[in-house]
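Observations on the model geometry
So the chains spell out like this:
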Amino acid sequence: MNIRFLYIIFICFCTVYANEEKKKCEEVTVHDKPHRKHVLSMGLNRPYQLAFDKHHNKLFFSHNVGSDEEDAFEIAYIEKDQMIPKVVSSVKNGFAIAIDNKDGVIYYGGSDGIYKEHLKEKNATIHEVLKEHNVWDMFFKHSLYFITYPLQHLYKLSEKKAEHQKYIHEKIYQFVIDGNDDIFITNETGLFLIKNGTEDRIFYKGPKVFRAIEVNNKGVAYFCSKNGIYVPNKKDHTLDMIARVKHIFGLAFDTDDNIIYSDPHEIVKLLPEKCK
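Residues numbered from 1 in each chain as written. Predicted model: local features only at pLDDT ≥ 70, side-chain atom pairs only at ≥ 80, totals over all residues. Heavy atoms only, no water.

Some words on the overall build of the protein chain
Each helix and strand in the protein chain was counted, giving 1 helix and 25 strands. The globule rule puts the C-alpha radius of gyration for 276 residues at 19 Å, and the 18 Å found for the protein chain is close to it. Overall, the C-alpha framework of the protein chain stretches about 55 × 45 × 40 Å when taken along its three principal axes. When each of the 276 residues of the protein chain is scored for burial, the buried share is 51%. Of the contacts made within the protein chain by residues no fewer than 6 positions apart, 41% connect residues no fewer than 24 positions apart. Carbon and sulfur atoms provide 49% of the accessible area of the protein chain, an area that totals close to 14,900 Å². With 38 positive and 39 negative side-chain charges, the protein chain shows a spacing of 3 Å between the two charge centroids. (Helix = DSSP H or I, 4+ residues; strand = E, 2+ residues; numbered from the N terminus. Rg over C-alpha atoms; globule rule 2.2 N^0.38 Å. Buried < 20%, exposed > 50% of the residue type's maximum accessible area, 1.4 Å probe, protein only. Contact = heavy atoms within 4.5 Å. Areas by Shrake-Rupley, 256 points an atom, 1.4 Å probe, with all protein chains shown as cover. Lys, Arg positive; Asp, Glu negative; His and termini not counted. Charge placed at Lys NZ, Arg CZ, Asp CG, Glu CD.)

Some points on the sheet that holds strand β21 (residues 229-233)
The strand order across the open sheet formed by 4 strands is β19-β20-β21-β22, and the pairing between neighbours is antiparallel. The open sheet is flanked by β19 (212-215) and β22 (238-243), the only strands paired with a single partner. Across the sheet, the mean angle separating the axes of adjacent strands is 35 degrees when strand polarity is ignored. Where strand β20 (residues 221-224) meets β21, 2 bridges bridge the pair, whose relative direction is antiparallel. Its bridge partner being in β21, Cys224 is matched across the sheet by Ile229. (Pairing = 2+ DSSP bridges. Axes fitted to C-alpha atoms, helices over the stretch in contact; angles between N-to-C directions.)

Some words on the sheet that holds strand β12 (residues 143-148)
Within a sheet, each strand pairs with its neighbour through backbone hydrogen bonds, oriented either parallel or antiparallel. Spatially, the 4 strands line up as an open sheet ordered β11-β12-β13-β14, and their pairing is antiparallel. Among the strands making up the open sheet, the edge pair consists of β11 (135-141) and β14 (161-164). Recorded for the sheet is a direction-independent mean angle of 30 degrees between the axes of neighbouring strands.

Looking at the pairing of strand β3 (residues 48-53)
Across the 6 residues of β3, 6 count as buried, placing the element largely inside the fold. Both β3 and strand β4 (residues 58-64) contribute to a ladder of 4 bridges, which runs antiparallel. Looking at the pairing, Ala51 lines up with Phe60 of β4. Linking β3 to β4, which pair antiparallel, is a turn of 4 residues; within it Asn57 sits at a positive phi near 55 degrees.

Some words on the packing of aromatic side chains
Applying the stated criterion across every chain, the model contains 18 aromatic pairs. Here the aromatic rings of Trp136 and Tyr173 are separated by 6.4 Å at their centres, their planes lie at 50 degrees, and the arrangement is tilted. Of this pair, Trp136 sits in strand β11 while Tyr173 sits in the loop between β14 and β15 (174-177), placing them 37 residues apart in sequence. Look at Trp136 and you get partly exposed, because its relative accessible area is 28%. Accessibility expressed as a relative area gives 29% for Tyr173, which makes it partly exposed. For the pair Phe184 and Phe223, a centre-to-centre distance of 5.1 Å together with 70 degrees between the ring planes defines the contact as edge-to-face. Of this pair, Phe184 sits in strand β16 (residues 183-187) while Phe223 sits in strand β20, placing them 39 residues apart in sequence. Each member of the pair, Phe184 as well as Phe223, is classed as buried. (Phe/Tyr/Trp six-rings, centres within 6.5 Å; stacked < 30°, edge-to-face > 60°.)

As for the environment of Leu50
Along the chain, the position of Leu50 falls in strand β3. Assessed through its relative accessible area of 4%, Leu50 is described here as buried. With 27 residues separating them along the chain, Leu50 and Tyr77 place their C-alpha atoms 9.3 Å apart. Here Leu50 is in contact with Leu59, Phe60, Phe61, Glu214, Gly250, Leu251, Ala252, Ile260, Tyr261, Ser262 and Ile267, once residues within four sequence places are set aside.

So, the state of the cysteines
Summed over all chains, the structure comprises 1 disulfide. Two residues, Cys25 and Cys275, share a disulfide whose sulfurs are 1.9 Å apart. The chirality of the disulfide connecting Cys25 with Cys275 is left-handed, given an S-S dihedral of about -70 degrees. Linking Cys25 in the loop between α1 (3-23) and β1 (27-30) with Cys275 in the segment after β25 (267-271), this pair joins segments that are 250 residues apart in sequence. (Disulfide = S-S within 2.5 Å.)

Observations concerning the environment of Ile126
Here Ile126 lies in the loop between β9 (113-118) and β10 (127-131). For Ile126, a relative accessible area of 27% puts it in the partly exposed group. Put simply, Ile126 and Leu151 are 25 residues apart on the chain and 27 Å apart in space, counted from C-alpha to C-alpha. Once you skip the residues sitting within four places of it in the chain, Ile126 turns out to touch Val88, Ser90, Tyr108, Tyr115, Lys116 and Glu117.

Below is the structure:
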């Protein structure tokens, strides 16, 4: 089956869905308020690592383009009001994404290193900034942080060099810094907080397995487990569920702080309004 034929099928699939969406509407309760599900793209295979470009309203993500028996990931993006994704083809086995929205720079992580692109420049080229690292996950705040695979160690990109962050000695799966400069990490035993200026781990009660962690525009960390979306309660070190959504693979926030999430086959935005 060639790519052109698959592309035609995808267009037909999206057209049918757009017509069906007019007939039905689904809601999700977020922070005790109804939100309407608006599908941004569909027909995907496990879209991960969502990242929102606030300058151009583009949503970047990685997804599996291989068979069910063997994973092969690529990075793609969807533009505003366009359901059909466009591929970032120059990153081998692209899996991880992080955006510096202040300076308009996007970082792509693949099996052979890290690349970056200046989003504000017309006809910008993607160029390599770090070689010989298989990148699992990335997060940007003031600097680029990334986790390698399969060792699951945390590094910081500094002047095109990888600096191992030795204060996080264990294998980790996700890493974020919130608006208070507190760090959250996940490992095999669950979720931990490392408060700003310390190296002590504070365990958070609740789910122990997460597929995505993201920080919204207000600096609040959000966590996606198998059954829902959570925010941290820093007073008693527990997680509060703010939305019950199953099988989430990725999470992001648009310019207005609307939640965007992915499930095994779709990317969905939650809009704060009831179905009509």
